[in-house]
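# Examining the three-dimensional arrangement
The primary structure of each chain is shown beneath.
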Amino acid sequence: IQRVSLDIARWDLQCELNNTHHRTDLNGVDRLIVRRGQPFTVNLQLHSGVYQPGASPHPSDQYGTRASFDLSANIDTSCWSAAVTGPPGNMVALSICSPPDAPIGRYTLTLGHSGRFEFILLFNPWCPGDAVYMDNEESLKEYVLCQDGIIFRGNYKLPLPTPWNFGQFETGILDACLRILDMNPKYLRNPGKDCSGRRNPIYVCRVLSAMVNCNDDQGVLLGKWTDDYEGGVSPMSWKGSVEILQNWDRNACQPVRYGQCWVFAAVACSVSRALGIPCRVVTNYLSAHDTNANLVIERYINEDGQPIRSRDMIWNYHCWVESWMTRPDLKSGFDGWQASDPTPQEKSEGVYCCGPIPVKAIKEGELMIKYDAPFVFAEVNADVVTFMQKKDGNTEKVTAATLVGQKISTKNVGNDKREDITHLYKYPEGSAEEREAFKKANHQNKLLQQQENQGLHLTIKVTSEMRKGCDFDVYAVVTNNTPSEKKCRLVFGSTSVSYNGVLGENCGFKDLLNVELQPGGVPLRLNYSKYGGALTEDNLIRLAALLIDYTTRDITLAVRNIVLENPEIKVRILGEPKENRKLAAELTLQNPLPEPLESCCFSIEGANLTGGRVLTERLDSVVGPGEHVKAKIYFTPTHFGLRKLVVDFNSNKLCHVKGYRNVIIGK
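Residues numbered from 1 in each chain as written. Predicted model: local features only at pLDDT ≥ 70, side-chain atom pairs only at ≥ 80, totals over all residues. Heavy atoms only, no water.

## A few points about the overall build of the protein
Looking only at helices and strands, the protein has 14 helices and 39 strands in total. The C-alpha atoms of the protein give a radius of gyration of 29 Å, which matches the 26 Å a tight globule of 667 residues would have. Expressed along its principal axes, the backbone C-alpha trace of the protein runs to roughly 105 × 60 × 40 Å. Out of the 667 residues in the protein, the part that is buried amounts to 55%. In the protein, 67% of the contacts between residues at least 6 apart in sequence involve partners at least 24 apart. (Helix = DSSP H or I, 4+ residues; strand = E, 2+ residues; numbered from the N terminus. Rg over C-alpha atoms; globule rule 2.2 N^0.38 Å. Buried < 20%, exposed > 50% of the residue type's maximum accessible area, 1.4 Å probe, protein only. Contact = heavy atoms within 4.5 Å.)

## A look at the packing of helix H3 (residues 173–182) against helix H8 (residues 261–275)
The description of two helices packed together rests on the angle between their axes and the distance between the axes. Packing of H3 against H8 brings their axes to within 10 Å, and their N-to-C directions diverge by 100 degrees. Judged by the inter-axis angle, H3 sits roughly perpendicular to H8. In this structure, H3 uses Leu 174, Cys 177, Leu 178, Ile 180 and Leu 181 to contact H8, whose residues at the interface are Val 271, Ala 274 and Leu 275. (Axes fitted to C-alpha atoms, helices over the stretch in contact; angles between N-to-C directions. Parallel < 35°, antiparallel > 145°, perpendicular 65-115°, else oblique.)

## Description of the UniProt feature "active site" (unreviewed entry) in the protein
If you check UniProt for "active site" (unreviewed entry), the listed places come out as Cys 261, His 318 and Asp 341 in our numbering. The greatest C-alpha distance among the annotated residues, which extend across 81 residues, is 9.7 Å, indicating that they converge on a single site. One can find Cys 261 in helix H8. The class of Cys 261 is buried, set by a relative accessible area of 0%. Cys 261 has contacts with Trp 225, Trp 315, Tyr 317, His 318, Cys 319, Thr 343 and Tyr 499, leaving out every residue within four places of it along the chain. Of note, His 318 is situated in strand E19 (residues 313–325). Exposure remark for His 318: the relative accessible area of 1% places this residue in the buried category. (UniProt positions renumbered as here; feature names shortened; annotations may be inferred.)

## Comments concerning the packing of H3 against helix H7 (residues 242–250)
For the pair H3 and H7, the least separation of the axes is 10 Å and the interaxial angle reads 60 degrees. Considering their axes alone, H3 and H7 lie oblique with respect to each other. The handedness of the crossing between H3 and H7 comes out as left-handed. Only Val 242, Leu 245, Gln 246, Trp 248 and Asp 249 of H7 make contact with H3, whose side of the interface consists of Ile 173, Ala 176, Arg 179 and Ile 180. The class makeup of the residues in the contact of H3 with H7 is 6 nonpolar, 1 polar and 2 charged. (Left-handed = near helix turned anticlockwise from the far one by under 90°. Nonpolar A, V, L, I, M, F, W, Y, C, P; charged D, E, K, R; others polar.)

## Side note on helix H12 (residues 432–440)
If you check which residues of H12 are buried, you get Glu 434, Ala 437 and Phe 438. Seen end-on, H12 carries its buried residues on one side only, within an arc spanning 100 degrees. Following H12 by one or two positions, Asn 442 adopts a phi angle in the positive range, close to 55 degrees. (Arc of directions from axis to C-beta.)

## A few points about the nonpolar core
Trp 164, Leu 221, Ile 244, Trp 262 and Leu 275 are the most contacted members of the largest nonpolar core, which totals 63 residues. Put simply, the parts of the chain that give this core at least two residues each are strand E11 (115–122), strand E12 (148–155), H3, helix H6 (201–211), H7, H8, strand E16 (279–289) and E19. Per element, the largest residue contribution to this core is 12 residues, and it comes from H8. If we ignore the near neighbours within four places in the chain, the residues touching Trp 164 are Asp 148, Gly 149, Ile 151, Trp 238, Lys 239, Gly 240, Ser 241, Ile 244, Trp 262, Val 263, Ala 266 and Val 646. With 54 residues, the next largest nonpolar core counts Ile 569, Leu 587, Leu 593 and Ala 631 among its residues. (Core = buried A, V, L, I, M, F, W, Y, C linked by side-chain atoms within 4.5 Å.)

## Points about the pattern of salt bridges
As enumerated under the stated definition, the model contains 29 salt bridges in all. In this structure, Lys 390 engages Glu 396 in a salt bridge whose closest nitrogen and oxygen atoms are separated by 2.8 Å. Between Asp 549 and Lys 486 there is a salt bridge whose closest N-O contact spans 2.9 Å. You can see Asp 549 sitting in strand E31 (residues 540–549) and its partner Lys 486 sitting in the loop between strand E27 (472–480) and strand E28 (488–497), a full 63 residues away along the chain. The network of salt bridges with shared partners includes Lys 331, Lys 360, Glu 364, Glu 366 and Lys 440. (Salt bridge = Lys/Arg side-chain N within 4 Å of Asp/Glu carboxyl O.)

## So, the confidence of the model for the protein
This prediction gives the protein a mean pLDDT of 91; 94% of its residues lie at or above 70. Long-range and interchain partners of residues 54–63, a stretch whose pLDDT sits below 50, account for 11 contacts in this model, where long-range means more than four residues apart. (pLDDT = per-residue confidence, 0-100.)

Below you can see the structure in the form of structure tokens.
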């Protein structure tokens, strides 16, 4: 509570003016929402007489979440202060400013004995004194103000852009975000201490990392990594964060079912941007999940080359968030992007959360720096050791070239292209700097690793056109680098796989006891009739080739995941795109499968386009092979500017195909 001494009859909070100046007007202008370290102005009508400025201000006392202060001659942006900015009289323009390190959240301001109003205070990345200050206007537009974006999925050979509606300024979302802070166990145990901690973005990021999942608390999302989504919906069905946050807020903080890594990361990004912390979603391809902190992923396969499940995993991709802030709690050099991960994987200080850890610390191998550096370092740098578990119980080491931490990706500033940020996490492979980072991290496996000159080299090659519904060949290519002829056994198989590495059904298999080394490779035919019913919603197939040299008994493994592309959704906007003018989205998709589609459904969502709702059109018709399915959905944009309309198509055989269209809305 803040108090200034005035005898007030009425006041005008000038919400539209203040919110616009503080870049919070997209939240609405019906209440006061301001950013810390920046003055805002209220107009006061005094009861009687006129205001005369006093001779000297009283000193300001600060008590964390409560501050008392009197009028000053001028605004002091380093502390809570107030000053009259208009001429003396019975109409007073009062300028008020918070310090740039004030706790964020809801405030009540008491003016004298008769005036009291509420406002919301947010982080201010435009204020040089704020810990989240970012000195780049285009980056601020992207990482704070932009309400939509792209999350990269697919695989590292084919990163696929998935549109997402962050929707941080949609109606009710800011209130839901503040409620997340108020439902966290630290607040429930000690509200005063928790609210005081909200001055620090490091603290807030760590709270959000725990609260976006519900493993220890009344968090937002329940994770599920199987195909049974009873009691909820598939994580693939979500197109944005708005519906998730609204559902959580409206249903007494019961967890929303279900999420997976990109959903957890996207919701965390929405909440961070809503609170004023610059934030972006990051995808790490071939992401290691190291459960015992030894920086080594130990993988076991059977004699057919198929993995035997273990706690250590390599995910096809994994998403987390980066938030921009200073780190005064650490030695110098670690300000900037901080990685945190809301997907519940391992506990940190007894809670399922991860980070924030400076991205720079991961690159330099500084694993003693807070928070959770070893886990994130392993995600991008772990070594992989593969063993074959034989039927007699013995194990044998397998030669396998396995990459970890590839094509670390995020959306580019100002456009929908992919920005590769791998260089922010790791030095070039084989460089002296990389070796130095491994020394700091005590990554002995990587330091001792030597490139073996294999006598037999095994790779998997694929064709360029691998689309869902088609039959196609993949190839195991064996190269003999020795002067002698080789007799070998080749096992070449394929299985469906989820993005986090869990295997599904067989999609094609061959076992050649005496393989002939062919220049073009040994083909394996993948038929839709075989793989179509086995695929998960991720559209991923794991190819594994196992080569056994009869002479030396050496075992070589090659693994490659392929992603089958979905058909394109064509989006046409009908009507002149202007504020508050009804438009139509004409949506068209061609059935690529050799079987009919039934129970077809299109849905759309977009910040300031669909009123914070998902709009759906269900179709009764059966769509035959090669035929087009078409729908028209009406929507009314509420704000001008560049907006992203996110589209989803779902049916009995083609699940959650994503598309989008950027729309420029005029005034």
